There are 2 protein chains.
Amino acid sequence: MQRRKVLGLAGAGAAGAAVAGAGAIALTHREPKPDTLVSDTAGAYPFYGERQAGIITPAQDRLHFCAFDVITDDKAALVDMLQDWTAAAARMTQGRDAGTFGAVGGSMQAPPDDTGEALDLPASGLTLTIGFGPTLFRDVRGKDRFGIAAKRPAALADLPNFPRDTLDPAISGGDIAVQACAHDPQVAVHAIRNLARIGMGKVSVRWSQLGFGRTSSTSRSQVTPRNLFGFKDGTRNLKAEDTALLDEHLWVHSGDGPDWMTGGSYLVTRKVRMLIETWDRSMLAEQQTIIGRDKGEGAPLTGKLEHDEPDFKAEDGEGQPVIAVDSHLRLAHADQNNGARLLRRGYNYVDGSDGLGRLNAGLFFIGYQRDPRKQFVQIQNSLAKLDALNEYIRHTSSGLFACPPGLLAADDYWGRSLFA
Amino acid sequence: MQRRKVLGLAGAGAAGAAVAGAGAIALTHREPKPDTLVSDTAGAYPFYGERQAGIITPAQDRLHFCAFDVITDDKAALVDMLQDWTAAAARMTQGRDAGTFGAVGGSMQAPPDDTGEALDLPASGLTLTIGFGPTLFRDVRGKDRFGIAAKRPAALADLPNFPRDTLDPAISGGDIAVQACAHDPQVAVHAIRNLARIGMGKVSVRWSQLGFGRTSSTSRSQVTPRNLFGFKDGTRNLKAEDTALLDEHLWVHSGDGPDWMTGGSYLVTRKVRMLIETWDRSMLAEQQTIIGRDKGEGAPLTGKLEHDEPDFKAEDGEGQPVIAVDSHLRLAHADQNNGARLLRRGYNYVDGSDGLGRLNAGLFFIGYQRDPRKQFVQIQNSLAKLDALNEYIRHTSSGLFACPPGLLAADDYWGRSLFA
Ligand code: HEM
Ligand code: HEM
């Protein structure tokens, strides 16, 4: 009767267990190991590197995602702020205060240059990933505020309207996005809050989203987590170890578009409300048919084990496909989508209740890819048209951002190659 | 320059460090130690006991608080549900599925009796604490739906309107509250969601709140955490180890009111929005004057160390009190409040942004006490009138609940002594 397994450190969830298995629990500060994919829960990931951290970094357990509107038209002021942001991000990801004086080290007659709520907390695997939205290149009134319209990548084309979309513009879009992931929500919240503080007068928070229990593993060192429909999520995800696949599906190549994006990746976010009360009343058999996998193991309905390949041709006794034609597994699979794949990195969310007696909960979908036009748009079109899951979900927010490659030198800064 | 300390396991925050210090990290399941106050992050607290767990239990790092409206007038149906809730709570707090079949063990042609998202997760220190609100005894139309009006304790008197209150009734009150605390938010969310599922048709979610980074330590084994104003919070809290003080200020005595509450405690919740952008622009000196403590160490302005006693009589060179007359420390202190004290157990929250470019963040205050009339009401009246902090905060939600003592036997259930 005791079905729930005991894997290890709960605070760190499944990732903690993986770390524990590797004997890597750190009780005191350790120097980051730049070439390892597995961070201990207290440790720090390097800020500088060929790629931005937070994409193939093994998904941490907590998210604070924030989309900002740029409220100045002054390019120099914006570039200034991006330099300040970079310095703060480089510090915070290493477990340090946002500013050089810190929360309590500066003048008593000035506001501190760190807000203090992370004072006693370690780096906690914090990563900060920046992306630039379409409206930064040309705002909603069509104005090229910063003279960068010509640098807009074709792949950063506005997403189309999908069937069944019920998007709320107030929590969609944004000029700049920062994804903060960490093992401790207080650390992720602290990072976003300090960037917002530093950006005062230049940017304003458009929308922000907290998440937990990352719904997709991004490394084979991680146990596959579960989404709020109770199913394993991330089984067939692109993984950090699949370097050839990442090269094909995740990273932007030289020649794909403008140089400043070479080595970067495109980010699509979708807030997907789950009608969990309706789902909870549906039969186990129906849930499994909808997903195309079994709930316990996560195996395709044609297999036994989680990582078995699905057999889309298999039929049951009545000549019906075992993996239904409108199942999420079939419709999201590369075979149905011209080979398109994604690196998913979403999180579960609960935003309190909705005033109608229900929890306001769902999936904050995060997908990284080389070209959204061929990947997210392709897959979401298949899903939006036919997916049996649609009865139980509503897309309420959408975001699209171009995430440049990583910074290699300490005098480089976020957006330099775009604005310089 | 590196001010942020590295204490230990980030996922578990400061509590993890305390646990680690005690050499108590568990990588595999361990039997709960009923008489210890420190749980490892994976372990389980006993469900049965003289007191409800979740009050003096060392504050776990994550919260999902839920207030329910009872939507049936049928007492038997409600009692039935409370029995089902108790059975589910006893299971879930021990890391088991909510129902006897579990997420995947039942009939394929029925909805599962567990929603599945905690399938691979350990107990994670989950506690579930129940409380009954004033409207359960007499609803808003004055009706005694369940024939228990005579059992309403005098101490469960509706809270008065306090100066400056800006409460939203939609996220205040409630007939029944359940406080779920755990080291993993997915486990806390799973617990509330399954209680809501079990209660379908009998209760409906009125409001719910997620929180993190508990803002008050409740045990001397814990490092004092920080709230979103960056100050240590919980220094002068009642602690689990202070048994004589708990007896005086926390637990309801026989003779205090109706028998069913003897050994229980009263819970007040207040959602306090923090205007963090305004706070972040104020000087360090001003912040410290407002709180009455220094930001780094958390010492009273008249002392050096966090746990030094404040000296309210001390004056500076100009004859002004060192701890200002309108400081939070002075106004909240027992000496200013007829000796009243509280066991605080609040959490930080961030509910996204507010549509005006600001993070929607603050403190979800949770206070337990023997008699709210003499404790919370007394202290909040002092604060609401004079506290310099008021410029930076807004109270937006309020809740009051009577939390009975713990259950001792497996055939007992939540509310039996109230309804039987
Ligand atoms: C609430 C909404 C959603 C739920 C509950 C959900 C759930 C799942 C589950 C349980 C799986 C199977 C396990 C796995 O391989 O990860 C899966 C696979 C997948 N999902 Fe979703 N998903 C949702 C939305 C989306 C969206 C919006 C997209 C992109 C447009 C998407 C793309 C994919 C892809 C590409 C796969 C892998 C398919 C394969 O290669 O086998 N999902 N999803
Ligand atoms: C956002 C709102 C609030 C903030 C930022 C805040 C912050 C603090 C801080 C930093 C301390 C000093 C450290 C400690 O002893 O814990 C403190 C103490 C205290 N607070 Fe608050 N607090 C808030 C609201 C409240 C409310 C609503 C109450 C109850 C009505 C309350 C009651 C107390 C009490 C009783 C103490 C201990 C005083 C003593 O004995 O020294 N606080 N608070």
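The numbers attached to residues start from 1 for each chain and follow its sequence in the written order. Here chains are named by letter from A upward and ligands by number from 1 upward, in the order in which they appear as written. pLDDT decides what is reported in this predicted model: residues at 70 or higher carry local features, side-chain atom pairs at 80 or more are listed and counted, and totals for whole chains, interfaces and linings draw on all residues regardless. Calculation of side-chain values draws on the structure's entire complement of heavy atoms; hydrogens and water are dropped beforehand.

Per an unreviewed UniProt entry, chain A goes by the name Deferrochelatase and belongs to Actinoplanes regularis. UniProt positions are given in the numbering used here, feature names are shortened, and annotations may be inferred rather than shown by experiment. What UniProt states about chain A under its Catalytic activity (unreviewed entry) heading is, verbatim, "heme b + 2 H(+) = protoporphyrin IX + Fe(2+)". Regarding chain A, the relevant UniProt record gives this comment under Sequence similarities (unreviewed entry): "Belongs to the DyP-type peroxidase family."

J.: Describe in detail the pattern of salt bridges, supporting the description with residues and values.
T.: We define a salt bridge as a contact between a side-chain nitrogen of Lys or Arg and a carboxyl oxygen of Asp or Glu at a distance within 4 Å. The final tally for this structure, using the stated rule, is 44 salt bridges over all chains. Of the charged contacts, one joins R193 of chain A and D280 of chain B as a salt bridge, the two residues approaching to 2.9 Å between their closest N and O atoms. Residue R193 of chain A is found in helix α4 (residues 185-198), and its partner D280 of chain B is found in helix α6 (residues 276-280); the two belong to separate chains. With a closest N to O distance of 3.1 Å, K143 of chain B and D73 of chain B form a salt bridge. Of this pair, K143 of chain B sits in the loop between α3 (134-137) and β3 (176-182) while D73 of chain B sits in the loop between β1 (62-70) and α2 (75-92), and the two are 70 residues apart along the sequence. Numbering goes from the N terminus for both helices and strands, where a helix is a DSSP run of H or I of at least four residues and a strand is a run of E of at least two.

J.: Explain the state of the cysteines residue by residue, including any values.
T.: When two cysteine sulfur atoms lie within 2.5 Å, the pair is treated as a disulfide. All told, the structure shown has zero disulfides over all chains when counted by the stated rule. Considering cysteine sulfurs only, C181 of chain A is the nearest to C66 of chain A, which forms no disulfide, with 13 Å between them. In this structure C181 of chain B is not part of a disulfide, and its nearest cysteine sulfur, from C403 of chain B, lies 11 Å away.

J.: If you had to explain the site of ligand 1 to someone new, which residues and values would you point to?
T.: Residue and element names in this part refer to chain A. Any residue with a heavy atom positioned within 4 Å of a molecule or strand is treated as near that molecule or strand. The environment of ligand 1 is formed by 27 residues, the closest being G234, T235, R236, H328 and R344. Between N or O atoms, a polar contact is any pair within 3.5 Å; within protein, one atom must be a potential hydrogen donor and the other a potential acceptor, and residues adjacent in sequence are included only when both atoms are from side chains. In this structure, a nitrogen atom belonging to ligand 1 sits 2.8 Å away from a side-chain N or O atom of H328. R344 is positioned such that a nitrogen or oxygen atom in its side chain is 2.9 Å from an oxygen atom of ligand 1. Here a cavity denotes a set of grid points, spaced 1 Å apart and computed over the protein atoms alone, in which a 1.4 Å probe fits but from which it cannot get out, and a pocket denotes an open set meeting protein on both sides within 12 Å along at least five of seven lines; residues with an atom within 4 Å of a point are reported as lining. Pocket or cavity membership: a molecule qualifies when more than half of its atoms sit within 2 Å of the grid points of that site. More than half of the atoms belonging to ligand 1 lie within 2 Å of the grid points that define the second largest pocket. Within the residue set of the shell around ligand 1, elements represented by two or more residues are β5 (265-274), α8 (328-332), β8 (359-369), α9 (376-386) and β9 (393-403). Take the shell around ligand 1: its biggest share by element is four residues, from α9.

J.: Break down the site of ligand 2 for me, citing the residues and quoting the values.
T.: All names here are of chain B. Taken together, 27 residues are adjacent to ligand 2, and G234, T235, R236, H328 and R344 come closest. In this structure, T235 approaches ligand 2 through a main-chain N or O atom, which is 3.1 Å from an oxygen atom. Interatomic distance of 2.9 Å between a side-chain N/O atom of R344 and an oxygen atom of ligand 2. With respect to the pocket detection grid, ligand 2 is positioned in the largest cavity. Of all the elements in the fold, those that place two or more residues in the shell around ligand 2 are β5 (265-274), α8 (328-332), β8 (359-369), α9 (376-386) and β9 (393-403). Take the shell around ligand 2: its biggest share by element is four residues, from α9. Partitioned by chemical class, the residues of the shell around ligand 2 number 15 nonpolar, seven polar and five charged. In the scheme used here, Gly and all other residues not listed as nonpolar or charged are polar, with Ala, Val, Leu, Ile, Met, Phe, Trp, Tyr, Cys and Pro taken as nonpolar and Asp, Glu, Lys and Arg as charged.

J.: Please set out the pairing of strand β4 (residues 203-212) of chain B residue by residue, giving values where relevant.
T.: Residue and element names in this part refer to chain B. Throughout, exposure labels follow a simple rule: accessible area from a 1.4 Å probe, protein chains only, divided by the maximum for the residue type, with under 20% read as buried, over 50% as exposed, and the rest as partly exposed. For β4, a buried count of nine out of ten residues is recorded, marking the element as mostly surrounded by other parts of the structure. Pairing geometry for β1 and β4, over nine bridges, is antiparallel. Bridge pairing in β4 links F68 to V205. When DSSP finds two or more bridges between a pair of strands, those strands are recorded as paired.

J.: Pulling in residues and values, what's your account of the UniProt feature "domain: Dyp-type peroxidase C-terminal" (unreviewed entry) in chain A?
T.: In the numbering adopted here, UniProt assigns the feature "domain: Dyp-type peroxidase C-terminal" (unreviewed entry) to residues 224-406 of chain A. Across residues 224-406 of chain A, the secondary structure splits into 20% helix and 22% strand, with the terminal C-alpha atoms separated by 27 Å.

J.: Provide a residue-level description of the packing of aromatic side chains, including the pertinent values.
T.: Put simply, two rings from Phe, Tyr or Trp (the six-membered ring, in Trp's case) pair if the centres are within 6.5 Å, and we call them stacked under 30 degrees between planes, edge-to-face over 60, tilted for the rest. Using the criterion set out here, one finds 34 aromatic pairs over all chains in the structure. Here F132 of chain B and W260 of chain B contribute two aromatic rings whose centre-to-centre distance is 6.4 Å and whose plane-to-plane angle is 65°, an arrangement assigned as edge-to-face. One end of the pair, F132 of chain B, is in strand β2 (residues 127-132); the other, W260 of chain B, is in the loop between α5 (243-249) and β5, with 128 residues separating them in the sequence. Judged by relative accessible area, which is 5%, W260 of chain B ranks as buried. These aromatic residues form a ring-pair network of at least three members: F47, Y48, F68, W85 and W414 of chain A.

J.: Please set out empty space enclosed by the protein residue by residue, giving values where relevant.
T.: In this approach, a probe sized like a water molecule rolls over the atoms, and the result shows the empty space that is left. Residue and element names in this part refer to chain B. Grid points are joined across faces, edges and corners, and a volume is the space filled by probe spheres set on the points. Counted according to the given criterion, the structure contains 13 cavities of 30 Å³ or more. Taken together, 37 residues make up the lining of the largest cavity; nearest its centre are D233, H328, A332, R344 and L383. Residue composition of the lining of the largest cavity, by class: 18 nonpolar, twelve polar and seven charged.

J.: Could you give an account of the environment of G399 of chain A, naming the residues involved and the relevant values?
T.: Secondary-structure assignment places G399 of chain A in strand β9. Between the alpha carbons of G399 of chain A and L267 of chain A there is a distance of 7.8 Å; along the sequence they are 132 residues apart.

J.: Describe the layout of surface pockets, with residues and values.
T.: All names here are of chain A. A volume near 910 Å³ is recorded for the second largest pocket. As for the second largest pocket, its lining consists of 45 residues, of which D233, H328, A332, R344 and L383 are closest to the centre. Within the residue set of the lining of the second largest pocket, elements represented by two or more residues are β5, α8, β8, α9 and β9. Residue contributions to the lining of the second largest pocket peak at five residues, all from α9.

J.: Which residues make up the relation of the copies chain B and chain A, and what are the values?
T.: Of the transformation superimposing chain B on chain A, the axial component is 0.0 Å and the angular component is 180°, with the fit at an RMSD of 0.0 Å. Look at the turn and shift together and you get a two-fold axis relating the two. Comparing interface residues between copies, 99% of those in chain B also sit at the interface in chain A, which points to an isologous, same-surface contact. Least squares is used to superpose the copies, and the fit set is the C-alpha atoms of residues whose pLDDT is at least 70 in both copies. By the convention used here, residues are in contact when the closest approach between their heavy atoms is within 4.5 Å.

J.: Describe the pairing of β8 of chain B, naming the residues involved and giving the relevant values.
T.: Residues and elements named next belong to chain B. Burial within β8 is extensive, with eleven of its eleven residues counted as buried. Across nine bridges, the pairing between β5 and β8 is antiparallel. Paired with M274 across the strands is A361, a residue of β8. Where strand β7 (residues 347-353) and β8 come together, five bridges link them in antiparallel fashion. Pairing of S353 across the sheet is with L359, part of β8. Taking the residues between adjacent antiparallel strands as the criterion, β7 and β8 are bridged by five residues, where G355 takes a positive phi near 80°.

J.: Explain the coordination of the iron atom of ligand 1 residue by residue, including any values.
T.: What the protein offers the iron atom of ligand 1 as a donor is a single atom, H328 of chain A (NE2), at 2.1 Å. Within the element layout of this structure, H328 of chain A appears in helix α8. In this listing, donors mean N, O and S atoms no farther than 2.8 Å from the metal, or 3.2 Å for Na, K and Ca; water is missing from the atoms, so a site can look incomplete.

J.: Give me the lowdown on the interface of chain B and chain A, citing residues and values where you can.
T.: Put simply, an interface is often sized by how much accessible area is lost when its parts join up. Every contact between the two is made by 96 residues of chain B and, on the other side, 95 residues of chain A. Put simply, buried area is how much 1.4 Å-probe accessible surface two parts lose in total, over both of them, once they are put together. Taken over both partners, the interface formed by chain B and chain A buries close to 8,000 Å², and the fraction arising from carbon and sulfur atoms is 59%. Counting the contacts that link chain B with chain A gives four salt bridges. Residue D120 of chain B pairs with R226 of chain A through a salt bridge whose shortest N-O separation is 2.8 Å. Taken together, chain B and chain A are joined by 20 residue pairs in polar contact (both at pLDDT 80 or more).

J.: Talk me through the side chain of T72 of chain A; I want residue IDs and the actual numbers.
T.: All names here are of chain A. For T72, the location among the structural elements is in the loop between β1 (62-70) and α2 (75-92). By relative accessible area, T72 is classed as buried at 13%. A distance of 3.0 Å separates the side chain of T72 from the backbone nitrogen of D74, its partner in a polar contact. Setting aside chain neighbours within four positions, we find T72 in contact with A77, R145, F146, G201 and K202.

J.: Run through the packing of α2 of chain B against helix α4 (residues 185-198) of chain B, naming residues and quoting values.
T.: Residue and element names in this part refer to chain B. The interhelical angle for the contact between α2 and α4, taken along N-to-C directions, is 155°, at an axis separation of 10 Å. When the interaxial angle is binned, α2 and α4 end up roughly antiparallel. Both α2 and α4 take part in a crossing whose hand is right-handed. For the pair α2 and α4, the contacting residues are M81, D84, W85, A88 and M92 in the first and H190, A191, N194, L195 and I198 in the second. Residue classes in the contact of α2 with α4 are distributed as seven nonpolar, two polar and one charged. Throughout, an axis means a line fitted to C-alpha atoms (over the contacting stretch in the case of helices), and angles, computed between N-to-C directions, take values from 0 to 180 degrees. Roughly parallel here means an angle under 35 degrees, roughly antiparallel means over 145, roughly perpendicular means 65 to 115, and every remaining angle is called oblique. Note on convention: the crossing is left-handed when the near helix lies turned anticlockwise from the far helix by less than a right angle, right-handed when the turn is clockwise.

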